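Coordinates in review
Next come the chains, spelled out residue by residue.
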Amino acid sequence: MFKLAHISDIHLGPLPSLSFRELFSKRITGFVNWHRNRRMHLFGSTLDILLDDIRRQSADHVAVTGDLVNLASGIEIRKAAAWLRELGDPSQHSVVPGNHDAYVPGAYEKSMRAWYDYVRGDLAPVEWQEDKRIFPYVRVRDKVAIVGCSTAVATPPFSASGYFGKRQARETVNVLRAAGEAGLFRVILIHHPPIRGATSFHKRMIGIRRFAAVVSSGGAELVLHGHTHLNTVHWLRGQTGPVPVVGIASASQGLGGSKPPAAYNLFSIAGSPGAWELKGERFNLSRSGDDVSTESVDIFGT
Ligand SMILES: [Fe+2]
Ligand SMILES: [Fe+2]
């Protein structure tokens, strides 16, 4: 059995102070929003409680579906790199970027370079190469193929949309087919929910229909996403039946916010092609007396 944990939307805080030049870029809207919405509800220990719990579960692998930072300044990107190193071995932790990791033009390249060991496919060059495309990547662990996709693009102020384009779609179909032929359980990691109506218009993913076609023609067993900061399960049409598409709350969300408190998912994968057994459990932060701990919920209600 393979145990895969899923966390997302780390939004590592607190925000660094910004230079005047940075303040007058798109970051000014993010800076104001963060102070207005998040400062009250995000607190450092939330993330630590989740990570301690994941360690106790002895997960084989941890998937992190983006938004590691807030405004993607150089300091934040370096802090996130240090946080990843603390999180653990890159071969056991797979990351895909979110819109906040590509917040302004140029940020995507900086964050991918800094976090390269965590977004590098098994067959990709060991050293970062400027002109080399990273996504989709594939990492094979046990009987599981982890396929990382990117929807992260710099967007204008007040927009948090993502983009899943034709080239990535074509290559993802090829990767999924090959992994299917190799008898692997295929998990796709993507930041934006590839589901119509799952977010508001300015936060949506462009290429939702394209992604659905990728899953139905390439085949997949599970899709994990972040971005909404909500615990959700949707379904996409797969080759042999519906494919679960699972979202998760922000790993840094405290209790008492307008969004659900921090949570992680834990998937148990067993079986063989044609007869995969997938179980999903979600662990939410909850308050018990003065203490904050986690409580578990069966994701698929089986
Ligand atoms: Fe987020
Ligand atoms: Fe996001």
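Scroll up to find the structure this text is about.
Presented here is a report on the structure given in the accompanying data block. Just so it is clear, the structure is predicted and the values come from calculations on it, not from any experiment.

Rules used in this analysis
Residues numbered from 1 in each chain as written. Chains lettered and ligands numbered in written order. Predicted model: local features only at pLDDT ≥ 70, side-chain atom pairs only at ≥ 80, totals over all residues. Buried ≥ 20, exposed ≤ 12 C-beta atoms within 10 Å, placed from the backbone. Helix = DSSP H or I, 4+ residues; strand = E, 2+ residues; numbered from the N terminus. Pairing = 2+ DSSP bridges. Core = buried A, V, L, I, M, F, W, Y, C linked by C-beta atoms within 7 Å. Contact = placed C-beta atoms within 7 Å.

**Details of the pairing of strand 2 (residues 61-64)**
Neither face of strand 2 is open: one carries His-61 and Ala-63, the other Val-62 and Val-64, and all of them are buried. When strand 1 (residues 2-7) meets strand 2, the two strands line up parallel, connected through four bridges. Of the residues in strand 2, the one forming a bridge with His-6 is Ala-63. As paired elements, strand 2 and strand 3 (residues 93-95) share three bridges and run parallel to each other. Note that in strand 3 the partner of Val-62 across the bridge is His-93.

**Some words on the nonpolar core**
When a protein is soluble and globular, its nonpolar side chains tend to lie buried together. Residues Val-147, Val-187, Leu-189, Val-223 and Tyr-264 are the most contacted members of the largest nonpolar core, which totals 74 residues. With residues near it in sequence (within four places) discarded, Val-187 still touches Leu-4, Val-144, Ile-146, Val-147, Glu-221, Leu-222 and Leu-224.

**Remarks on the pairing of strand 5 (residues 144-148)**
By the criterion of burial, strand 5 is predominantly enclosed, with five of the five residues buried. Residues Val-144, Ile-146 and Gly-148 point to one face of strand 5 and Ala-145 and Val-147 to the other, with burial holding for every one of them. Count of turn residues in the strand 4 (residues 137-141)/strand 5 antiparallel hairpin: two residues, of which Asp-142 carries a positive phi of about 55 degrees. In this structure, strand 5 lies alongside strand 7 (residues 185-189), joined through five bridges in parallel fashion. Looking at strand 7, one finds that Gly-148 is bridged to Leu-189.

Keep in mind these values describe shape, not function.
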